[in-house]
Amino acid sequence: LYWMRLLEFNFWESMSRELMPIVSLARKLFPASTLASIFFLAIMHAYYVLGVLDDAVSTDDNLWNTFQSLFTGNCDDDFCRNDNLRRILTYGSVILFSIFFLNIFIGVIGENYSISKTMSPLMYQHAR
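Residues numbered from 1 in each chain as written. Predicted model: local features only at pLDDT ≥ 70, side-chain atom pairs only at ≥ 80, totals over all residues. Heavy atoms only, no water.

Turning our attention to the packing of aromatic side chains. Inspection of every chain in the model, using the stated rule, returns five aromatic pairs. When the ring of F39 is compared with that of F97, the centres are 5.9 Å apart and the planes differ by 15°; the resulting orientation is stacked. With F39 in helix 3 (residues 30–53) and F97 in helix 6 (residues 84–127), this pair connects stretches of sequence that are 58 residues apart. Judged on exposure class, the residue F39 and its partner F97 are both buried. Arranged with centres 5.7 Å apart and planes meeting at 50°, the rings of F97 and F101 form a pair that is tilted. Here F97 and its partner F101 are both found in helix 6, four residues apart, which amounts to about one turn of the helix. Looking at F101, the relative accessible area reads 5%, which means it is buried. Among the aromatic residues, those joined into a ring-pair cluster are F39, F97, F100 and F101. (Phe/Tyr/Trp six-rings, centres within 6.5 Å; stacked < 30°, edge-to-face > 60°. Helix = DSSP H or I, 4+ residues; strand = E, 2+ residues; numbered from the N terminus. Buried < 20%, exposed > 50% of the residue type's maximum accessible area, 1.4 Å probe, protein only.)

Laid out in C-alpha coordinates, this is it:
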(Lines give C-alpha, C1' and ligand atoms only; values in the text may rest on other atoms or scores of the structure.)
Protein backbone atom coordinates (compact mmCIF):
# COMPACT_ATOMS: atom_id res chain seq x y z
CA LEU A 1 0.00 0.00 0.00
CA TYR A 2 2.80 2.41 0.77
CA TRP A 3 4.41 2.06 -2.63
CA MET A 4 1.01 2.79 -4.21
CA ARG A 5 0.86 6.03 -2.24
CA LEU A 6 4.32 6.92 -3.44
CA LEU A 7 3.33 6.36 -7.03
CA GLU A 8 0.06 8.24 -6.44
CA PHE A 9 -1.86 5.38 -7.94
CA ASN A 10 -5.35 5.56 -6.55
CA PHE A 11 -8.04 3.37 -8.01
CA TRP A 12 -10.39 3.31 -4.99
CA GLU A 13 -12.45 6.22 -6.26
CA SER A 14 -13.11 4.64 -9.64
CA MET A 15 -13.87 1.29 -8.06
CA SER A 16 -16.28 2.80 -5.56
CA ARG A 17 -18.02 4.74 -8.32
CA GLU A 18 -18.68 1.43 -10.04
CA LEU A 19 -19.80 -0.43 -6.91
CA MET A 20 -21.99 2.24 -5.27
CA PRO A 21 -24.85 1.92 -7.80
CA ILE A 22 -24.91 -1.85 -7.29
CA VAL A 23 -25.06 -1.48 -3.52
CA SER A 24 -27.84 1.10 -3.73
CA LEU A 25 -29.97 -1.29 -5.82
CA ALA A 26 -30.68 -3.49 -2.80
CA ARG A 27 -32.86 -0.84 -1.17
CA LYS A 28 -34.69 -0.09 -4.40
CA LEU A 29 -35.54 -3.76 -5.01
CA PHE A 30 -37.43 -4.09 -1.73
CA PRO A 31 -40.95 -3.39 -3.16
CA ALA A 32 -40.49 -5.79 -6.09
CA SER A 33 -39.04 -8.45 -3.76
CA THR A 34 -41.98 -8.03 -1.39
CA LEU A 35 -44.46 -8.47 -4.23
CA ALA A 36 -42.68 -11.57 -5.52
CA SER A 37 -42.56 -13.03 -1.99
CA ILE A 38 -46.30 -12.48 -1.51
CA PHE A 39 -46.98 -14.19 -4.83
CA PHE A 40 -44.71 -17.10 -3.88
CA LEU A 41 -46.47 -17.54 -0.53
CA ALA A 42 -49.90 -17.33 -2.20
CA ILE A 43 -48.98 -20.08 -4.67
CA MET A 44 -47.52 -22.14 -1.84
CA HIS A 45 -50.79 -21.76 0.06
CA ALA A 46 -52.77 -22.81 -3.03
CA TYR A 47 -50.62 -25.95 -3.32
CA TYR A 48 -51.17 -26.58 0.40
CA VAL A 49 -54.94 -26.38 -0.03
CA LEU A 50 -54.77 -28.75 -2.99
CA GLY A 51 -52.64 -31.08 -0.86
CA VAL A 52 -55.25 -31.02 1.93
CA LEU A 53 -57.89 -31.99 -0.62
CA ASP A 54 -55.71 -34.92 -1.70
CA ASP A 55 -54.75 -35.88 1.90
CA ALA A 56 -51.07 -35.50 1.04
CA VAL A 57 -49.75 -32.53 3.01
CA SER A 58 -46.14 -31.99 3.99
CA THR A 59 -44.90 -28.43 4.56
CA ASP A 60 -41.31 -29.19 3.58
CA ASP A 61 -42.37 -30.93 0.38
CA ASN A 62 -44.82 -28.14 -0.36
CA LEU A 63 -42.13 -25.48 -0.01
CA TRP A 64 -39.67 -27.43 -2.17
CA ASN A 65 -42.26 -28.25 -4.85
CA THR A 66 -43.41 -24.62 -5.03
CA PHE A 67 -39.83 -23.39 -5.36
CA GLN A 68 -39.04 -26.07 -7.93
CA SER A 69 -42.11 -25.35 -10.04
CA LEU A 70 -41.80 -21.55 -10.00
CA PHE A 71 -38.07 -21.15 -10.47
CA THR A 72 -37.23 -24.14 -12.64
CA GLY A 73 -40.60 -24.81 -14.25
CA ASN A 74 -40.36 -28.47 -13.31
CA CYS A 75 -43.51 -30.34 -12.35
CA ASP A 76 -42.76 -33.82 -11.00
CA ASP A 77 -45.09 -36.67 -11.82
CA ASP A 78 -45.72 -37.23 -8.12
CA PHE A 79 -46.50 -33.56 -7.58
CA CYS A 80 -48.77 -33.02 -10.59
CA ARG A 81 -50.08 -36.58 -10.83
CA ASN A 82 -53.12 -36.52 -13.11
CA ASP A 83 -54.59 -33.61 -11.16
CA ASN A 84 -55.72 -31.12 -13.78
CA LEU A 85 -56.35 -28.31 -11.29
CA ARG A 86 -52.83 -28.57 -9.91
CA ARG A 87 -51.39 -28.76 -13.42
CA ILE A 88 -53.31 -25.64 -14.52
CA LEU A 89 -52.20 -23.80 -11.36
CA THR A 90 -48.59 -24.80 -12.03
CA TYR A 91 -48.61 -23.71 -15.66
CA GLY A 92 -50.38 -20.43 -14.91
CA SER A 93 -48.15 -19.54 -11.98
CA VAL A 94 -44.94 -20.40 -13.86
CA ILE A 95 -45.97 -18.27 -16.83
CA LEU A 96 -47.04 -15.37 -14.60
CA PHE A 97 -43.97 -15.58 -12.37
CA SER A 98 -41.40 -15.95 -15.13
CA ILE A 99 -42.84 -13.35 -17.48
CA PHE A 100 -44.34 -10.76 -15.14
CA PHE A 101 -42.13 -10.77 -12.06
CA LEU A 102 -38.80 -11.39 -13.75
CA ASN A 103 -39.47 -8.56 -16.21
CA ILE A 104 -40.32 -6.28 -13.28
CA PHE A 105 -36.98 -7.18 -11.67
CA ILE A 106 -35.11 -6.56 -14.91
CA GLY A 107 -36.86 -3.22 -15.44
CA VAL A 108 -36.32 -2.02 -11.87
CA ILE A 109 -32.67 -3.05 -11.87
CA GLY A 110 -31.95 -1.52 -15.27
CA GLU A 111 -33.67 1.80 -14.59
CA ASN A 112 -32.29 2.26 -11.09
CA TYR A 113 -28.78 1.25 -12.13
CA SER A 114 -28.70 3.85 -14.91
CA ILE A 115 -29.97 6.54 -12.52
CA SER A 116 -27.50 5.54 -9.81
CA LYS A 117 -24.67 5.32 -12.33
CA THR A 118 -25.18 8.92 -13.45
CA MET A 119 -25.31 10.06 -9.83
CA SER A 120 -22.38 7.95 -8.62
CA PRO A 121 -19.82 10.80 -8.58
CA LEU A 122 -22.14 12.84 -6.37
CA MET A 123 -22.90 9.83 -4.17
CA TYR A 124 -19.17 9.19 -3.80
CA GLN A 125 -18.46 12.78 -2.80
CA HIS A 126 -21.34 12.69 -0.32
CA ALA A 127 -20.16 9.42 1.23
CA ARG A 128 -16.62 10.65 1.42
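Moving on, we come to the environment of I95. Relative to the helices and strands, I95 is located in helix 6. Put simply, I95 and G73 are 22 residues apart on the chain and 8.8 Å apart in space, counted from C-alpha to C-alpha.

The biggest cluster of nonpolar side chains holds twelve residues, and these are L29, A32, A36, F39, F40, I43, M44, Y47, L70, F97, F101 and F105. The element that contributes the greatest number of residues to this core is helix 3, accounting for seven residues. With sequence-adjacent residues up to four places away left out, A32 is seen in contact with I104 and F105. (Core = buried A, V, L, I, M, F, W, Y, C linked by side-chain atoms within 4.5 Å. Contact = heavy atoms within 4.5 Å.)

Note that N112 resides in helix 6. Setting aside chain neighbours within four positions, we find N112 in contact with L25 and K28.

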